[in-house]
Protein chains: 2
Amino acid sequence: MRRLKVQTDHPYEILIEGGLLTEVPEDLKELSLGHRYALISDSNVSEFLGEDLKRLLQEAGVDCELFVFPAGESSKNMDTVVELARQMVKAGFDRKCAVIALGGGVTGDLAGFLASIYLRGVPYIQIPTSLLAQVDSSVGGKTGVDLPEGKNLLGTFYQPRRVYIDYGVLATLPFEHLKNGLAEVVKYGCISSPELFSFLEEKADRLLHYEAQALEHIIYESCRIKAEIVTQDERESGLRRVLNFGHTIGHAIEAAANYELLHGFCVAIGMVAAARISEKLDLSVEPLSPRLAKLLESLGLPTRIPRNLSPAQITKFLRADKKVWKGRLTFVLLRRFGEPVFYEEPPREIIEETLEELLPEETAS
Amino acid sequence: MRRLKVQTDHPYEILIEGGLLTEVPEDLKELSLGHRYALISDSNVSEFLGEDLKRLLQEAGVDCELFVFPAGESSKNMDTVVELARQMVKAGFDRKCAVIALGGGVTGDLAGFLASIYLRGVPYIQIPTSLLAQVDSSVGGKTGVDLPEGKNLLGTFYQPRRVYIDYGVLATLPFEHLKNGLAEVVKYGCISSPELFSFLEEKADRLLHYEAQALEHIIYESCRIKAEIVTQDERESGLRRVLNFGHTIGHAIEAAANYELLHGFCVAIGMVAAARISEKLDLSVEPLSPRLAKLLESLGLPTRIPRNLSPAQITKFLRADKKVWKGRLTFVLLRRFGEPVFYEEPPREIIEETLEELLPEETAS
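In this text, all values refer to a predicted model and were calculated from it rather than measured experimentally.

Residue and element names in this part refer to chain A. Following both chains from N to C, one finds helix α10 (residues 263-280) and helix α13 (residues 348-357) inclined at 130°, their axes separated by 10 Å at the closest point. The orientation of α10 with respect to α13, classified from their angle, is oblique. Regarding α10 and α13, the two cross each other, and that crossing is right-handed. Two secondary-structure elements touch here, α10 through Ala 273, Arg 276, Ile 277 and Lys 280 and α13 through Ile 350, Ile 351, Glu 353, Thr 354 and Glu 357. Here the residues of the contact of α10 with α13 sort into 4 nonpolar, 1 polar and 4 charged.

Here is the structure:
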């Protein structure tokens, strides 16, 4: 088992191991965060993991109740939070309770937010079950829900008291979700660790076969890098924005595709775009995009704009991106792998030219 | 002007003065919390104070927009929060904005909560306009909304960046609201300051005539006492519960009366009950209830149970009170004025006997 201490205002530990789920009950008893646990998961995860964990907890003598909400991003709103809170109140959950978020990013964000406002805040535990949630949303303390006007517009910064990462559960999800998470791991390599980048190049095939040792390494490294960045900037004022590498254009693609593409797939394309822009602006001191594209391809990730989208559709969403600060569009670019730089307002032509170049080869203009 | 520094994790100042509202724009410009302000108030306050303040701010060159919600406790729910947030998003309020809560306790709790979760938290300013809000809810950082299952069940601990208390606006509210706030001031005297208690005895008449000097003194002292207590116990784990003096039975009366009685009126009766229980248990080293009842009467506050309620109706709500911790009912009692003690589970007969004695005189059994 790997253990990682995250030094936020309220420090906590991330535990990483295959099969860790079965060890959660005993560990929770030792942690002793509350006299009752509200286990929250969505209608998919509850079926094959939620019920199991509930049984494990109850067998270990941990008082626990399972609360389920409908799976999908469309549940990530305040109505779901209020509905879950009401169920918890009716079930008699008082301030001495704790929340367990079991699931992907939506569950983590939603249940974390619920925990942060339930009776003005109760402790919570994260058990991310998708690779994306394991390497991204379980570290950093961001919680939140969507509004019809946009994603994550209401939320809190609220740290979990412990994160359990069991990479053994990844195989219960569709293969696409593994690749989805790998895109964010590539991001950590790009912005912070040439070693991780090389490791991914070397072990791509093993990762795609869910090899335990390789998974454990990349999850640990991703969490370590993210934790290092967010502890230096807990409230997201500056440095933390390096985590947006690939996300500026990535989000625009995601929105232009009406959120029908997986997040990591869009980020993969966004990273290639950011690498190319770095090259075009002569910021990069070495060629980046060929090596990056090759790695992404070996991980089964896209490197070109989806066939049904045009550069114009994407740039339309670029300016609406949340990263517009005081009306300025900030890109995270790379000097080399491991050395990110902020760049405000790259020339419009360079962005457009880059997007043109990333059209599918047969339709490139 | 009196200034009070509150030493919470994020220290802030409370400014107290008659006519202070006109000085808010210049002071805000100096504070510079954001490039835009969302001024939030209810449909009553917005009419005669909200529009005025908005005009003052705009004339001073402070970018400001007024957002109004329907007056009343029934608005204190998540739907109102979501509705206000959506309006702010549509109006383009980004992370560099700040919220101003202008109004009574409901507005403070609601707008403070909104500020704490809007884009994961933006700064906010409190301008409490009722005496109750000025001496109570504007200090302590508690924000929140109600659920159908109970009051304040969702919320955060979130400190304002500044509190402006203009006691000149108190006369714009019905007289009952002045007395409502005075009950909480009496509470501060009981739990922490024999001097404040004596001051109230001496100046009761002047206070009921809105005399500036007397108001300034009691507001300052109340905020000072509350700030002292909450800074020692920001997350409400222990000491802070002395603020519940009079509230255990007070809340039960409020609930039994279906929230049709003003909070302070119920607390007044609850304080007399707590004083009597202190005497019956021989905890008090001096007679308390006669002097307390006399003060409350001189402030136009009730000291006996409303005619339409029975002790049985009240005890029914006692056990449902949020102050039940692990099933135990904790009372705040008094050894003498200024010296509170926690007391768990006073004998049921003593509570019932006390309530019997507090029935209106002509109907006492």
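This brings us to the pairing of strand β11 (residues 328-336) of chain A. All names here are of chain A. When β11 meets strand β12 (residues 339-344), the two strands line up antiparallel, connected through 6 bridges. Each residue of the ladder has a partner; that of Val 332, found in β12, is Phe 342. Counted along the chain from β11 to the antiparallel partner β12, the turn is 2 residues long, and its residue Gly 338 has a positive phi close to 95°.

This part takes up the interface of chain A and chain B. Each side of the interface is counted separately: chain A has 32 residues, and chain B has 32 residues. Together, A:Arg95, A:Arg120 and A:Glu149 form the three largest contributors to the area buried by chain A at its contact with chain B, with a combined 25%. There are 4 salt bridges connecting chain A and chain B. Note that A:Glu149 is salt-bridged to B:Arg86, the shortest N-O span being 2.9 Å.

On average, chain A scores 93 in pLDDT, and the residues at 70 or more come to 96%. Scored as a whole, the predicted complex attains pTM 0.93, and scored at its interfaces, ipTM 0.92.

Residue and element names in this part refer to chain A. In the structure shown here, the tally under the stated rule is 8 aromatic pairs over all chains. On the basis of an interplanar angle of 15° and a centroid distance of 5.8 Å, the ring pair of Tyr 124 and Tyr 158 is categorised as stacked. Of this pair, Tyr 124 sits in strand β6 (residues 124-128) while Tyr 158 sits in the loop between β8 (150-157) and β9 (162-165), placing them 34 residues apart in sequence. For the pair shown, Tyr 124 and Tyr 158 are each scored as buried. Pairing Phe 175 with Tyr 210 gives two aromatic rings, centres 6.5 Å apart and planes at 55°, and the pair type is tilted. Placement of the pair is Phe 175 in helix α6 (residues 175-192) and Tyr 210 in the loop between α7 (194-208) and α8 (212-232), with a sequence separation of 35 residues. On the accessibility criterion, Phe 175 (36% relative accessible area) is partly exposed.

Turning our attention to the sheet that holds strand β4 (residues 64-69) of chain B. All names here are of chain B. Strand order across the open sheet formed by 7 strands is β1-β2-β9-β6-β5-β3-β4, with mixed pairing between neighbours. Across the chains shown, the open sheet's two edge strands, defined by having one partner strand only, are β1 (2-6) and β4. Across the sheet, the axes of successive neighbouring strands diverge by a mean angle of 20°, strand direction being ignored. Two strands pair when backbone bridges link them, and strand β2 (residues 12-16) and strand β9 (residues 162-165) are joined in this way by 4 bridges, in the parallel orientation.

With that out of the way, let us pick up the packing of helix α6 (residues 175-192) of chain B against helix α7 (residues 194-208) of chain B. Residues and elements named next belong to chain B. In contact at an axis separation of 7 Å, α6 and α7 are set at 160° when each is read in the N-to-C sense. When the axes of α6 and α7 are compared, the pair comes out roughly antiparallel. Relative to α7, the crossing made by α6 is left-handed. From α6, Phe 175, Leu 178, Lys 179, Leu 182, Val 185, Val 186, Tyr 188, Gly 189, Cys 190 and Ser 192 reach across to α7, where they touch Pro 194, Leu 196, Phe 197, Leu 200, Leu 207 and Leu 208. A class-by-class count of the residues in the contact of α6 with α7 yields 13 nonpolar, 2 polar and 1 charged.

Moving on to the relation of the copies chain A and chain B. When chain A is fitted onto chain B, the two copies agree to an RMSD of 0.0 Å after a turn of 180° and an axial shift of 0.0 Å. Seen this way, the second copy is the image of the first under a two-fold rotation axis. Of every C-alpha in chain A, the one belonging to A:Met78 sits nearest the axis of rotation, 3.8 Å from it. Same-surface contact between copies: 100% of interface residues of chain A are shared with the interface of chain B.

Another aspect to go through is helix α12 (residues 311-318) of chain B. All names here are of chain B. Turning to α12, its buried residues are Pro 311, Ile 314, Thr 315 and Leu 318. Within α12, the buried residues cover an arc of 95° as seen down the axis, which keeps them to one side. Residues of α12 that are exposed and point more than 90 degrees away from the buried face comprise Ala 312 and Lys 316.

Definitions and limits used
Residues numbered from 1 in each chain as written. Chains lettered and ligands numbered in written order. Predicted model: local features only at pLDDT ≥ 70, side-chain atom pairs only at ≥ 80, totals over all residues. Heavy atoms only, no water. Axes fitted to C-alpha atoms, helices over the stretch in contact; angles between N-to-C directions. Helix = DSSP H or I, 4+ residues; strand = E, 2+ residues; numbered from the N terminus. Parallel < 35°, antiparallel > 145°, perpendicular 65-115°, else oblique. Left-handed = near helix turned anticlockwise from the far one by under 90°. Contact = heavy atoms within 4.5 Å. Nonpolar A, V, L, I, M, F, W, Y, C, P; charged D, E, K, R; others polar. Pairing = 2+ DSSP bridges. Buried area = accessible area lost by both parts, 1.4 Å probe. Salt bridge = Lys/Arg side-chain N within 4 Å of Asp/Glu carboxyl O. pLDDT = per-residue confidence, 0-100. Phe/Tyr/Trp six-rings, centres within 6.5 Å; stacked < 30°, edge-to-face > 60°. Buried < 20%, exposed > 50% of the residue type's maximum accessible area, 1.4 Å probe, protein only. Least-squares fit on C-alpha atoms with pLDDT ≥ 70 in both. Arc of directions from axis to C-beta.

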